[in-house]
Amino acid sequence: MHDEHALPNPDESATPDDSADGASRRAVLRTAGLAGAGLGLGALTGGTAHADAPQGAPAAAASAAEAPPRKGKTMVGVPFERRSTVRVGIVGLGNRGGSMIDLFLAIPGVKVVALCDPVKDKTAAAAKKVTDAGQPAPATYTKGDHDFENLCKRGDVDFVYVATPWDWHFEMSKTAMLNGKHVGVECPVALQLDQLWELVDLSERTRRHCMQLENCCYGKNEMRVLRMAHAGKFGDLLHGAGAYNHDLRGLMFDPDYYEGPWRRLWHTRLRGDLYPNHGFGPVSNYMDINRGDRVTHISSFGTPALGLAEYRKAHMPAGDPSWKETYIESDRTISLVQTAKGRVIRLEHDVSTPHPYSRINSLGGTKGVFEDYPERIYIEPDHTNDEWGDFGKYAADFDHWLWKEHSNPPGGHGGMDYIMIFRLMQTMQLGLVPDFDVYDAAVWTSPVPLSHLSIKAKGAPQAIPDFTRGLWKKERPGVDSEKPKA
């Protein structure tokens, strides 16, 4: 069921303009400016040194633990406004956005009313998909880097979907909420700790949801494990693991796949886990993070950065622009995350060495363990003699109702993309509380800056903020949802 993951995970897309060599010059300049103008340790954490920091502890860790005063009301448990038709605006129409539009169009009661991408050919191709589906021609926004602002100002858009290079996620999410729109963002939702706090505060102040659209939370295996965990099949939960181990070397040097070198350039800026969400999101769901438990600290370790330079030496011609780049991103990052209940989560990230695709996706407790890639399970009293059991035997009892209703969903990644979009649109149409919220988005993304800091500090633990400001102690529903009655 995971063969599709041998392909790249297409959740990054358009860049802000076309150039003769296929690169987006403005996007590259913008990200280079970010690297030079603010992505130091202070910018990553949004914190400063504090006199009351424990002796020997990194100042950033102390400041990160302090939640700023709430500027609005919590978004925990806040439902969408009920609407029979959800009107969607899509920003970014490259690999990810250009394919996800098909899924929005496949769901009854969803209209794609506006599209934005400065690459005009991509916008035109996406607009044709809309009219081919029998919907009115969408408004298009192709006039430069900031035309998305005009899309967000429209009065006929309920939800903005962002599928652009990472550098733009924070700014676009912020703009959508300030214009009264709910927003869903591909991974990661932001790249700095102060940006995560700002998104939390904006969501609370504007009463708009800001969600990290983590498709792996809706994977068939992930949802089955989730329901088994909540049913007590693993006993008291003790540990879990998640990863994004995916050989992307060829794609990162392919000028025809990414619109410019924006993703590769992040390997010249940070040393930590650039893409924690695919592993962290599902395990957080298993452990009810922000819903009865919370993550408190992260310690990260990174290997030398050798893989991309070796690949470049073997495959890139002399004079290629990549020869001007110096890579610092650890080939493999390993992080240990502690929870308030004492559980441990292991996260891994490796996109620059040879490795079959794996998200690890493991969960263990006092009654047994599940491990993915390949899927296998061992729980008492079902299994004995140190022999792995057949995970498929639990499908009938524990597959989520979404997978039972949509056993052969369209789209990529084994159907999880469709399940995610279907459920999101359903919660908006029925006026339900979304399965995850801005607090989950902030937690799942926080390892991006914090793992970098920890590696720089030789593995010293970094505090993970309580973005819920104490409301994590209250149990509440999440992705393990009940089927709506209407």
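To be clear, the structure that these remarks concern was listed above.
First, a word on scope: everything that follows refers to the structure included in this document. Predicted model, so just to flag it, every value in this text is computed and none were measured.

1. Focus: the overall build of the chain
Thinking step 1. A tally of helices and strands in the chain yields 18 helices and 14 strands.
Thinking step 2. A buried classification covers 61% of the 486 residues belonging to the chain.
Thinking step 3. In the chain, once contacts between residues fewer than 6 apart in sequence are set aside, the share between residues at least 24 apart is 77%.
Thinking step 4. Accessible area for the chain stands at about 18600 Å²; split by element, carbon and sulfur atoms hold 52% of it.

2. As for the sheet that holds strand β5 (residues 182-185)
Thinking step 1. Read across the open sheet, the 6 strands follow the order β3-β2-β1-β4-β5-β6; overall the sheet is parallel. The outermost strands of the open sheet, each flanked by one partner alone, are β3 (139-141) and β6 (210-212). For this sheet the average axis-to-axis angle between neighbouring strands, irrespective of direction, equals 25°.
Thinking step 2. Here strand β1 (residues 86-91) pairs with strand β4 (residues 159-162) via 4 bridges, running parallel.

3. Structural notes on the side chain of serine 358
Thinking step 1. With respect to the element layout, serine 358 can be found in the loop between β10 (344-350) and β11 (362-365).
Thinking step 2. Polar contacts involving the side chain of serine 358 include one to the main-chain amide nitrogen of isoleucine 360, which spans 3.0 Å.
Thinking step 3. Setting aside residues no more than four positions away along its own chain, serine 358 makes contact with Ala243, Tyr244, Asn245 and Tyr373.

4. Quick look at the pairing of β4
Thinking step 1. Side chains of β4 alternate between two faces, with Phe159 and Tyr161 and Val160 and Val162 buried alike.
Thinking step 2. Where β4 and β5 come together, 4 bridges link them in parallel fashion. The partner of tyrosine 161 across the bridge, within β5, is glycine 184.
Thinking step 3. With helix α7 (residues 169-178) bridging β4 and its parallel neighbour β5, the resulting β-α-β unit is right-handed.

5. Points about the pattern of salt bridges
Thinking step 1. All told, the structure shown has 30 salt bridges when counted by the stated rule.
Thinking step 2. Across the salt bridge formed by arginine 227 and aspartate 480, the nearest N and O atoms sit 3.7 Å from each other. Taken together, the residues span a long stretch of sequence, with arginine 227 in helix α9 (residues 220-230) and aspartate 480 in the segment after β14 (462-463) at a distance of 253 residues.
Thinking step 3. Under the relative-accessibility criterion, aspartate 480 is labelled partly exposed at 22%.

6. Some remarks on the packing of aromatic side chains
Thinking step 1. For the structure on display, the rule yields 18 aromatic pairs.
Thinking step 2. Summarising the aromatic geometry, the rings of phenylalanine 148 and tryptophan 168 are spaced 6.1 Å apart at their centres and angled 80° between planes, so their arrangement reads as edge-to-face. Residue phenylalanine 148 is found in helix α6 (residues 148-152), and its partner tryptophan 168 is found in the loop between β4 and α7; the two are separated by 20 residues along the sequence.
Thinking step 3. Taking the centre distance of 5.4 Å and the plane angle of 25° together, the rings of phenylalanine 253 and tyrosine 311 count as stacked. You can see phenylalanine 253 sitting in the loop between α10 (249-252) and α11 (262-265) and its partner tyrosine 311 sitting in helix α13 (residues 307-315), a full 58 residues away along the chain.

7. What to know about the sheet that holds β14
Thinking step 1. Strand order in the open sheet formed by 8 strands is β13-β12-β11-β7-β10-β9-β8-β14, and the pairing between neighbours is mixed. Each end of this open sheet is capped by a strand with a single partner; those strands are β13 (376-379) and β14.
Thinking step 2. As paired strands, strand β8 (residues 295-302) and β14 are joined by 2 bridges and run antiparallel to one another. For histidine 297, the partnering residue across the bridge sits in β14 and is alanine 463.

8. Comments concerning helix α18 (residues 447-456)
Thinking step 1. Taken across its 10 residues, α18 has 9 buried, putting it largely inside the fold.
Thinking step 2. All of the buried residues along α18 are Pro447, Val448, Pro449, Leu450, Ser451, His452, Leu453, Ser454 and Ile455.

9. Section: the pairing of β1
Thinking step 1. Counting buried residues in β1 gives 5 out of 6 residues, a clear majority hidden from the surface.
Thinking step 2. One ladder, built from 6 bridges, connects β1 with strand β2 (residues 110-116); its direction is parallel. Paired with glycine 89 across the strands is alanine 114, a residue of β2.
Thinking step 3. Crossover handedness for the path β1 to helix α4 (residues 97-105) to β2: right-handed.

10. Examining the packing of helix α12 (residues 277-286) against helix α17 (residues 438-445)
Thinking step 1. Running from amino to carboxyl end, α12 crosses α17 at an angle of 125°, the nearest separation of the two axes being 9 Å. For the element pair α12 / α17, the angle class is oblique. The two elements α12 and α17 meet at a crossing, and its hand is right-handed. Residues Asn277, Phe280, Gly281, Ser284 and Asn285 of α12 touch α17, and the partners they reach there are Val443, Trp444 and Thr445.
Thinking step 2. Class assignment for the residues of the contact of α12 with α17 results in 3 nonpolar, 5 polar and no charged.

11. So, unusual backbone geometry
Thinking step 1. In this structure, proline 188 follows cysteine 187 across a cis peptide bond, with omega equal to -15°.
Thinking step 2. With respect to the helices, strands and loops of the structure, proline 188 is situated in the loop between β5 and α8 (193-206).
Thinking step 3. Note the cis peptide between tyrosine 373 and proline 374, where omega equals 0°.
Thinking step 4. On the secondary structure map, proline 374 appears in the loop between β12 (368-371) and β13.
Thinking step 5. Backbone geometry places asparagine 385, a non-glycine residue, at a positive phi of 65°.
Thinking step 6. Note on placement: asparagine 385 falls in the loop between β13 and α14 (395-398).

12. Points about the packing of α17 against α18
Thinking step 1. Running from N to C, α17 and α18 point in directions that differ by 25°, and their axes come no closer than 6 Å. When the axis of α17 is compared with that of α18, the two are roughly parallel. Of the residues in α18, those in contact with Val443, Trp444 and Thr445 of α17 are Pro447, Val448 and Pro449.
Thinking step 2. Counted by class, the contact of α17 with α18 contains 5 nonpolar, 1 polar and no charged residues.

13. Quick word on the environment of valine 448
Thinking step 1. Relative to the elements of secondary structure, valine 448 occurs in helix α18.
Thinking step 2. Between the alpha carbons of valine 448 and tyrosine 275 there is a distance of 6.9 Å; along the sequence they are 173 residues apart.
Thinking step 3. Ignoring anything within four residues of it in the chain, the contact list for valine 448 reads Pro188, Leu191, Leu270, Asp273, Leu274 and Pro276.

About the criteria used
Residues numbered from 1 in each chain as written. Predicted model: local features only at pLDDT ≥ 70, side-chain atom pairs only at ≥ 80, totals over all residues. Heavy atoms only, no water. Helix = DSSP H or I, 4+ residues; strand = E, 2+ residues; numbered from the N terminus. Buried < 20%, exposed > 50% of the residue type's maximum accessible area, 1.4 Å probe, protein only. Contact = heavy atoms within 4.5 Å. Areas by Shrake-Rupley, 256 points an atom, 1.4 Å probe, with all protein chains shown as cover. Pairing = 2+ DSSP bridges. Axes fitted to C-alpha atoms, helices over the stretch in contact; angles between N-to-C directions. Polar contact = N/O pair within 3.5 Å; in protein donor to acceptor, adjacent residues only side chain to side chain. Right-handed = clockwise from strand over helix to strand, strands pointing away. Salt bridge = Lys/Arg side-chain N within 4 Å of Asp/Glu carboxyl O. Phe/Tyr/Trp six-rings, centres within 6.5 Å; stacked < 30°, edge-to-face > 60°. Parallel < 35°, antiparallel > 145°, perpendicular 65-115°, else oblique. Left-handed = near helix turned anticlockwise from the far one by under 90°. Nonpolar A, V, L, I, M, F, W, Y, C, P; charged D, E, K, R; others polar.

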